[in-house]
Amino acid sequence: MDYDTIDADGFGRSLKGIGLNLLVRDVPAECAFLEAVFRMQSHQVTADFAIVTYGDQVFQLHSDGTYHANPMLGLLPENPPRGTGIEIRLYDSDPDRAVARAEGFGATVLQVPTDKPHGLREAYILCDNGYAWVPSRPKDSA
């Protein structure tokens, strides 16, 4: 599928399984963060919407304004962190490299890369919208 040219109807009909849609204050800024820190790709980026890919995974970003008629908008906190309680785990991202890029980007590193007892090396990086992005890989991979 060509995420740069597909129309909204075609994209919506193509979605299967579980989907992730993040509400953000600034779609282009969130895309810049995801591209710089995790090497994700953004498609059809506007002030209101973007399709984002991470490997063969796809998710969406929507601006708060696109939810003007949605009852969920009233539940968003006025002050950060709005994403508290969700971890977005990126199992194909090296936490050491992601943290180095996050620091260069000016993002908040909540936890430096750490070897965990469950077999992963992981870090916690917050975006400006308060979502916790967790780059992870098996402890013994390089």
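Conventions adopted
- Each chain carries its own residue numbering, running from 1 in the direction its sequence is written.
- With the structure being a predicted model, the display of local features is reserved for residues of pLDDT at least 70 and the display and counting of side-chain atom pairs for 80 or more, all residues being used for whole-chain, interface and lining totals.
- Side-chain numbers come from the whole structure's heavy atoms, not from hydrogens or water.
- Think of it this way: any DSSP run of H or I at least four residues long counts as a helix, any run of E at least two long counts as a strand, and we number them from the N terminus.
- Working rule for helices: expected span equals 1.5 Å times residues minus one.
- Only protein chains enter the accessibility calculation, which uses a 1.4 Å probe; a residue is then buried when its area is under 20% of its type maximum, exposed when over 50%, and partly exposed in between.
- Arc definition: directions from the helix axis to the C-beta atoms.
- Two N or O atoms form a polar contact when they lie within 3.5 Å of each other; inside protein one atom must be a possible hydrogen donor and the other a possible acceptor, and for residues adjacent in sequence the pair counts only when both atoms belong to side chains.
- We treat two strands as partners when DSSP finds at least two bridges between them.

A. Region of interest: helix α2 (residues 27-38). The end-to-end C-alpha distance of α2 is 16 Å, a good match for the 16 Å that 12 residues give at a rise of 1.5 Å each. What α2 keeps buried is the set Val27, Glu30, Cys31, Phe33, Leu34, Val37 and Phe38. Looking down the long axis of α2, one finds its buried residues gathered within 160° of arc, a one-sided arrangement. By the N-cap criterion, in which a side-chain oxygen at the helix start approaches the backbone nitrogen of a residue two or three places on, α2 is capped by Asp26, the distance to Ala29 being 3.0 Å. Among the residues trailing α2, Arg39 stands out with phi positive, at a value near 60°.

B. Summary view of the pairing of strand β5 (residues 87-90). Taking every second residue as pointing to the same face, the buried face of β5 carries Ile88 and Leu90, while none of Glu87 and Arg89 on the other face is buried. With 4 bridges connecting them, β5 and strand β8 (residues 132-138) associate as parallel partners. Following the sheet pairing, Ile88 is matched in β8 by Trp133.

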